[in-house]
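Residues per chain are reported as follows:
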Amino acid sequence: RVLKVLLLLASMPFYDADAPANAKIVHEGQACVVKDDNISERIYTIREGDHLVLKCLVKGHPRPQVRWTKTAGSASDKFQETSIYNETLRIEGIQRVQGGRYYCKADNGVGVAAIKSIRVDVQYLDKPVLTVHQTISDVRGSFYQEKTVFLRCTVNSNPPARFIWKRGTIPIEQSKDQGVDIYEPLYTQGETEVLKLKNLRLKDFANYTCQVSVRNVCEIPDSSVTFLLTIGTTPPALRLSVNESLVVDPGKDVTLSCEVTAGLPKPTVTWSRYLNPLPRNSLVRDGTLELRSVTPADSGFYNCTAVNNVGNPAKRSVNLLVRSMGNLTFQITPDSNKDSESIQMGRDLKLSCHVDAEPQDKVNYTWYQNAVLIYNSDSLIVLHSDPDMAPGTSSLEIVDMKFRDQATYSCVANFPGSTVPELRVDVNITQNSVTPPILTVPEGGQVVSVREGGTTDLVCLVDGKPRPPVLWSRADKDLTMPTGEWAVETRDGRLRLTNVTRDLMGAYRCQTAPYNGLNVKPRQAQVQLNVQYAPVLDPVFQDVRSPNYQFVTLRCIIQKSNPPHMASIQWTRNGEPLTSLTPNPQENPQLKFKLDPSNNGTYKCRVNNGVGSSTCTFNISSRPYNAEFYFDTPNPIRNLKGNNFSYNLQWTQREPVATDRIIGYWVNVRNMNQMNLFSKQIDKEPVKGGLMSYILTDLKILLSYEISLAPITTYSTGDYVSRTIKYSERDLSITPSFFTFLFLTDNVCGFEDKHICGFSQDRGDNFDWTRQNHLTQNPKRSSNTGPEMDRSGTKEGCYMYIEASSPRVPGDTARLLSPLYNVTAARGPKGSGHLPYCISFFYHMKGKQTGTLDVWLRVKSIASVDTKVWSLIGNQGPDWNQANIIVNPSGPFQVVFQAIRGSGYEGDIAIDDVSVTKGKCKQENSTCGIKIVMGGESCPQWGNKSVSTQP
């Protein structure tokens, strides 16, 4: 009866197939170690420069979209600011800064997105750096000085490096040499260890080697550095050939020399430039820096550094200034005390002159009146640095202006003794030659309209003597000009804008500049820029499905437009005009018609506002939506005779009632060698959310196949969707005949394959079993627990084990589940009860704090029944031992290996070479942990390798 009910449920055509996303991260790259850090995260260890490949295995329907993101690890990385949409993440030649936590997010819009993380630990070992430091201090109560030398060895590594010190070729042992101390200093960057040589002895002058090692993690070799300590070892000292501040003319060649005055070993001299690289035309040779034909861009601080790893590096700096002059500007300031804006006799007047120069404080200003040099007097006062103006500004104050003071005044700026050309500005000062500025916008220029992408001018007319420049800026102070500057200077008040975009629309302010004219309150005006653009419509494209002979309404929504009034609206079908509509600014255009097989097609609504046109496009069809493959079918593959297999193809139908009734599907199958196998129409009518199935048979195990699927209605066929299928043991649906083959061939699982022979982790325990071999072991693991190699004694061979170290606590449980084994016969021979099976495996339980290893039999029926069939507690020594268990299951069953963590970290438990075979175990190897209560027999005796503790 139970079997009939199960068959009836399996044959039902509908259940809600929509399922939220589920994700799991696996690796396919050059990993050193992949292990569990805790229940929810894995650690992926990889050597710097190797290739990282992470794959996010997802489940869910519809097929989830996968996105990879990253948080910072050892350093921030650009990858964390971006997302990669792909199931596989590849990083070629991974660098240390790319270590960190990577997240795989799978989302299909159903329920909550699934997120899994894995921590990537990049292993590396740099070449160490050895530096020598010396101290000399008086020793109380003695008449000699104690000279102490510190050899400091620093290296960047992951994991932390181990240091080995050698004098010559002999390792230094602190316990055997009272003249040395070896210690790790506090507050140092990287891994550092110090060798202290106390009160130098003659034998201390020798070659010293600092060797660093990460114990061959990821096959990273050791690295070392050697230093020769002699009686003449001294830190470096330098002397510069030029002053610390050097001012030169442009175009000159500059030579900067650093002379080494002390240092043994011979120091290495390097040149650098603060915040910038050295100029391209520079040449460094034997401590000398040569700069050819310098320009103002070459100005800056140049640093000379000498290093010989003794003491601190010697440093010298030169501030190089290349003379330059920019624009020379002037200002005319009327008597500020009288709030005047014009020149008046009997009042004061100030003329100011400023040049942008480098160095600013070396500029010399000279004033002339009608070409005659001006000297300070009661009526003419020269200020070489005016405190009321910008730094580096010179002013000429005319006190109580007289008619004789009306003249042409000249300001000359130069660098004394320099080849840089001087700059000169002339200002004519009379009552008629100086008038306040006037700023106006020409008639019709208050609003300027331009089409998007075009060119236009904004104009403000300026008048006055002298006529000042005009500065343009946005009226909205938070917006910059199109050039990115806050203000733009124009000589004639005309601002040209090219390739205008709609975001430039708005008010622009023009105002007179406070220089090259009267220094008075600036005049201001505004110009409005109106950018015209084509209508913005919604939707730009829409796919519309409908049954035949029903009305369809298409709406084209005008979201924004400038100008807002429409000039024309035109509807077309497949390029042919349908109808012209009179524009109505109050309504959005729409089209209503009855759909039939003759008027399917592409409909377009073209809207024009006199500036440009935009289009709404509608794909109108009575064709059904495409099917959506279901990728999470449990065990879709079944083995058939003759090296063939079948595949359970499953799918759902997207919006099945959106069009005419779907009466079936076309299924096309071809192998990847371009050979079409068959096309077949199957009769299936979908319902929303229903999962449909079709069994593909007689597929060859060694081939891959492309499957295409399309829905069929009375009037049309929908679009085909395709997927590729191939034989995979992970997707295998185990049948009795298949497992009979396994049993008869004594199939043994040594966990060499990453799929671990179909075993799986129990989701209801505290932590997981870990697959490992000798090459992937943690180099820092305890030597007092766990196997060195697998049961066969090879470094490459794998096994499954539990890690008892932190964060595990006593009593934590890990369970490993075997595949489901189908019972092939109801009774044993001669009516002796249920057919016996032999569970055989090797176990390793070394460590004084080892916990418990249990074996459970889980028989599948209407409800699962778990029975403990074997158990062992405590330390069993350093060897692999074999256990054989006879069970008599009454139905399909699984074998459950349960490990319980003991009292401490020295309690790793491992298993290897597991097999389940039909028939009794060989008697000489049979062992029994507890009495079998499955209706069969208990072990009659302990085997040759009996367990030490009988539970």
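Now for a look at the structure at hand. (Residues numbered from 1 in each chain as written. Predicted model: local features only at pLDDT ≥ 70, side-chain atom pairs only at ≥ 80, totals over all residues. Heavy atoms only, no water.)

### A word on the overall build of the protein chain
Check the secondary structure of the protein chain and you find two helices and 69 strands. In the protein chain, which comprises 951 residues, the share counted as buried stands at 46%. A fraction of 68% describes how many contacts in the protein chain between residues 6 or more apart in sequence connect residues 24 or more apart. Looking at the protein chain as shown, the accessible area adds up to about 49400 Å², and 49% of this sits on carbon and sulfur atoms. (Helix = DSSP H or I, 4+ residues; strand = E, 2+ residues; numbered from the N terminus. Buried < 20%, exposed > 50% of the residue type's maximum accessible area, 1.4 Å probe, protein only. Contact = heavy atoms within 4.5 Å. Areas by Shrake-Rupley, 256 points an atom, 1.4 Å probe, with all protein chains shown as cover.)

### Comments concerning a nonpolar patch on the surface
A grouping of Tyr-274, Leu-275 and Phe-301 is seen on the molecular surface, where their side chains present a nonpolar patch of about 380 Å² in accessible area. The topology assignment puts Leu-275 in the loop between strand S21 (268–273) and strand S22 (282–285). (Patch = residues over 30% accessible without salt bridge, like charges linked within 9 Å, V, L, I, M, F, W, Y side chains within 5 Å. Salt bridge = Lys/Arg side-chain N within 4 Å of Asp/Glu carboxyl O.)

### Section: the sheet that holds strand S6 (residues 88–91)
The strand order across the open sheet built from three strands is S1-S4-S6, with neighbouring strands paired in antiparallel fashion. Only two strands of the sheet have a single neighbouring strand rather than two, namely strand S1 (19–27) and S6. Geometrically, the sheet is characterised by an average inter-axis angle of 15° between neighbouring strands, direction not taken into account. Relative to S6, strand S4 (residues 52–61) is paired through four bridges, and the arrangement is antiparallel. The partner of Val-53 across the bridge, within S6, is Arg-90. (Pairing = 2+ DSSP bridges. Axes fitted to C-alpha atoms, helices over the stretch in contact; angles between N-to-C directions.)

### Quick word on the nonpolar core
Ranked by internal contacts, the top residues of the largest apolar core, which has 35 residues, are Trp-769, Phe-841, Trp-870, Phe-897 and Ile-911. Contributions of two or more residues to this core are made by strand S62 (799–802), strand S63 (813–817), strand S64 (837–845), strand S65 (852–859), strand S66 (865–873), strand S67 (881–887), strand S68 (893–900) and strand S69 (909–918). Core analysis: the second largest hydrophobic core is formed by 31 residues, Leu-328, Ile-343, Leu-349 and Val-363 among them. (Core = buried A, V, L, I, M, F, W, Y, C linked by side-chain atoms within 4.5 Å.)

### Some remarks on the state of the cysteines
Counted by the stated rule, this structure contains eight disulfides. The residue that forms a disulfide with Cys-56 is Cys-104, at a sulfur-sulfur distance of 1.6 Å. Judged by the torsion about the S-S bond (-65°), the Cys-56/Cys-104 disulfide is left-handed. Taken together, the residues span a long stretch of sequence, with Cys-56 in strand S4 and Cys-104 in strand S7 (residues 100–107) at a distance of 48 residues. Judged by its relative accessible area of 0%, Cys-56 is buried. Given the relative accessible area of 0%, Cys-104 is considered buried. Note on cysteine connectivity: Cys-153 is disulfide-linked to Cys-210, with sulfurs 2.0 Å apart. The sign of the S-S torsion, about -90°, decides the handedness of the disulfide formed by Cys-153 and Cys-210: left-handed. Of this pair, Cys-153 sits in strand S10 (residues 145–155) while Cys-210 sits in strand S16 (residues 207–213), placing them 57 residues apart in sequence. Judged by relative accessible area, which is 0%, Cys-153 ranks as buried. (Disulfide = S-S within 2.5 Å.)

### Topic: the pattern of salt bridges
According to the stated counting rule, one finds 34 salt bridges in the structure shown. Linking Asp-762 and Arg-815 is a salt bridge whose minimum nitrogen-to-oxygen distance equals 2.8 Å. Within this pair, whereas Asp-762 is found in the loop between strand S60 (760–761) and strand S61 (770–772), its partner Arg-815 is found in strand S63, the two being separated by 53 residues in sequence. Arg-815 carries the same exposure label as Asp-762, and that label is buried. Residues joined by salt bridges that share partners form a network here, namely Arg-167, Asp-177, Arg-201, Lys-203 and Asp-204.

### Points about the layout of surface pockets
In this structure, the second largest pocket spans a volume of roughly 810 Å³. Those elements that place two or more of their residues in the lining of the second largest pocket are strand S2 (31–36), strand S3 (41–47) and strand S8 (114–125). In terms of residue count, the dominant contributor to the lining of the second largest pocket is S2 (four residues). Taken together, the residues of the lining of the second largest pocket break down into nine nonpolar, ten polar and eleven charged. (1 Å grid on protein atoms, 1.4 Å probe; cavity = no way out; pocket = protein on both sides within 12 Å on 5 of 7 lines; lining within 4 Å. Points joined across faces, edges and corners; volume = space filled by probe spheres on them. Nonpolar A, V, L, I, M, F, W, Y, C, P; charged D, E, K, R; others polar.)

### As for empty space enclosed by the protein
Inspection of every chain in the model, using the stated rule, returns three cavities of 30 Å³ or more. Taken as a whole, the largest cavity encloses approximately 60 Å³ of empty space. Around the largest cavity, the lining residues are Gln-772, Asn-778, Arg-781, Thr-785, Gly-786, Pro-787, Tyr-799, Tyr-801, Glu-803 and Asp-908. The residue makeup of the lining of the largest cavity, split by class, is three nonpolar, four polar and three charged.

### Brief notes about the environment of Gly-904
Note that Gly-904 resides in the loop between S68 and S69. Using a relative accessible area of 7% as the deciding quantity, one classes Gly-904 as buried. Sequence-wise, Gly-904 and Thr-850 are 54 residues apart; in three dimensions their C-alpha atoms are separated by 7.6 Å. Look past the residues within four positions of Gly-904 in its chain and what remains in contact with it is Ala-804 and Gln-849.

### A short note on the environment of Gln-570
Within the fold, Gln-570 resides in strand S47 (residues 568–573). Given the relative accessible area of 23%, Gln-570 is considered partly exposed. Each C-alpha atom of the pair Gln-570 and Thr-615 lies 9.4 Å from the other, and the pair is 45 residues apart in sequence.

### Section: the side chain of Thr-713
With respect to the secondary-structure elements, Thr-713 resides in strand S58 (residues 704–713). Among residues more than four places away in sequence, those in contact with Thr-713 are Pro-624, Thr-659, Asp-660, Arg-661, Ile-662 and Ile-663.

Don't take any of this as a statement about function, it's just geometry.
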